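Chain by chain, the residues:
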Amino acid sequence: MTAQIKLYGVREALLAFRELPRRVGFKWLRIALNAGGGIIRDRAASIVRRSTGLLAKSLGVKVTIPDSSFNSTHQGKPAYAVIGPKRKSGRLLKITAKGLLKGHGKAQSFLSAERKRLKQEGKLPPLQRERAAVKSALKQFAGSIYRSPSRYAHLIEKGTKHSKAFPFLAPAVAQTKDQVLAKVEAKLSEGIELEARALAPLGR
């Protein structure tokens with residue numbers, strides 16, 4: 001479950017970037033979208049329903065700029081930011097005597113080491129690598145439980161026929177829309193001013 005913001009309504013700022021080197025424009029687009037997406041992420045984390053707190057901590061921002069791709073078929077599309085649970089935000093937990101879930105430090109350290117080891121081996125693609133690391137950790141620490149927010153965030157946001165919905169991403173987007181746009185515009189304007197000032201002595 002993710003939320004997505006695209007760059008619309010900042011036409012003047014985007015047009016101004018055409019006067020600067022491409023890499024400079026992409027740099028500030030990334031900065032602006034990360035800043036705007038961060039506002040949504042923080043708001044979503046503040047209102048999400050909490051049990052272990054894992055979902056709130058897992059929320060991140062990923063920026064994509066199609067025009068920066070070397071693949072021409074990707075170009076010509078709006079730059080955008082995706083806000084949602086990070087893929088490798090899954091954690092190993094244990095059940096306390098009171099029946100509550102809490103972090104399992106040793107198991108989590110083992111999982112992190114397994115992720116690193118499998119990545120260095122380079123024999124498996126990312127998704128299979130993650131599954132193999134989790135399987136190995138669960139085998140090593142019997143009784144531990146693996147929870148991955150990317151697997152259940154949509155169930156909390158939209159609910160199921162057995163449980164009520166507790167939206168957190170959609171409300172966060174709606175509540176911060178104006179603030180996000182203002183932040184993106186401010187960052188783009190800042191970038192234009194700073195880069196133009198830096199290029200001025202060079203006569204570009």
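The structure displayed is predicted, hence computed values, not measured ones. (Residues numbered from 1 in each chain as written. Predicted model: local features only at pLDDT ≥ 70, side-chain atom pairs only at ≥ 80, totals over all residues. Heavy atoms only, no water.)

So, about the overall build of the chain. Secondary structure assignment for the chain yields 7 helices and 6 strands. Starting at the N terminus and walking to the C terminus, you meet the elements of the chain as β-α-α-α-β-β-β-β-α-α-β-α-α. Within the chain, the fraction of its 204 residues that count as buried is 36%. If you take every contact in the chain between residues at least 6 apart in sequence, the share linking residues at least 24 apart comes to 66%. Looking at the chain as shown, the accessible area adds up to about 12900 Å², and 53% of this sits on carbon and sulfur atoms. (Helix = DSSP H or I, 4+ residues; strand = E, 2+ residues; numbered from the N terminus. Buried < 20%, exposed > 50% of the residue type's maximum accessible area, 1.4 Å probe, protein only. Contact = heavy atoms within 4.5 Å. Areas by Shrake-Rupley, 256 points an atom, 1.4 Å probe, with all protein chains shown as cover.)

With the rule as written, the count across this model stands at 1 cavity of 30 Å³ or more. Size it by volume and the largest cavity reaches roughly 30 Å³. Residue lining of the largest cavity: Lys 88, Arg 115, Pro 126, Arg 129 and Glu 130, and that is the complete set. If one sorts the elements of the lining of the largest cavity by residue count, helix H5 (residues 126-140) sits on top with 3 residues. Split into classes, the residues belonging to the lining of the largest cavity amount to 1 nonpolar, no polar and 4 charged. (1 Å grid on protein atoms, 1.4 Å probe; cavity = no way out; pocket = protein on both sides within 12 Å on 5 of 7 lines; lining within 4 Å. Points joined across faces, edges and corners; volume = space filled by probe spheres on them. Nonpolar A, V, L, I, M, F, W, Y, C, P; charged D, E, K, R; others polar.)

The end-to-end C-alpha distance of H5, which contains 15 residues, comes to 21 Å, matching closely the 21 Å that a straight helix rising 1.5 Å per residue would cover. Arg 129, Glu 130, Ala 133, Val 134 and Ala 137 are the residues of H5 that are buried. Buried residues of H5, seen end-on, are gathered within an arc of 130° and therefore sit on one face of the element. Facing away from the buried side of H5 by over 90 degrees, the exposed positions are Leu 127, Arg 131, Lys 135 and Lys 139. As for H5, its buried residues are in contact with strand S4 (91-95), helix H4 (105-121) and strand S6 (145-147). (Expected span 1.5 Å × (residues − 1). Arc of directions from axis to C-beta.)

On to the nonpolar core. In this structure, Ala 44, Leu 55, Leu 59, Ile 65 and Phe 168 are the most contacted members of the largest nonpolar core, which totals 25 residues. Every element with two or more residues in this core is listed here: helix H2 (22-47), helix H3 (54-58), strand S2 (59-64), strand S3 (80-85), helix H6 (149-158) and helix H7 (169-199). In terms of residue count, the dominant contributor to this core is H2 (8 residues). Apart from the residues within four sequence positions on either side, Phe 168 is in contact with Ala 44, Ile 47, Val 48, Leu 55, Leu 59, Ala 153, Ile 156 and Glu 157. With 9 residues, the next largest nonpolar core counts Ala 133, Ala 137, Phe 141 and Tyr 146 among its residues. (Core = buried A, V, L, I, M, F, W, Y, C linked by side-chain atoms within 4.5 Å.)

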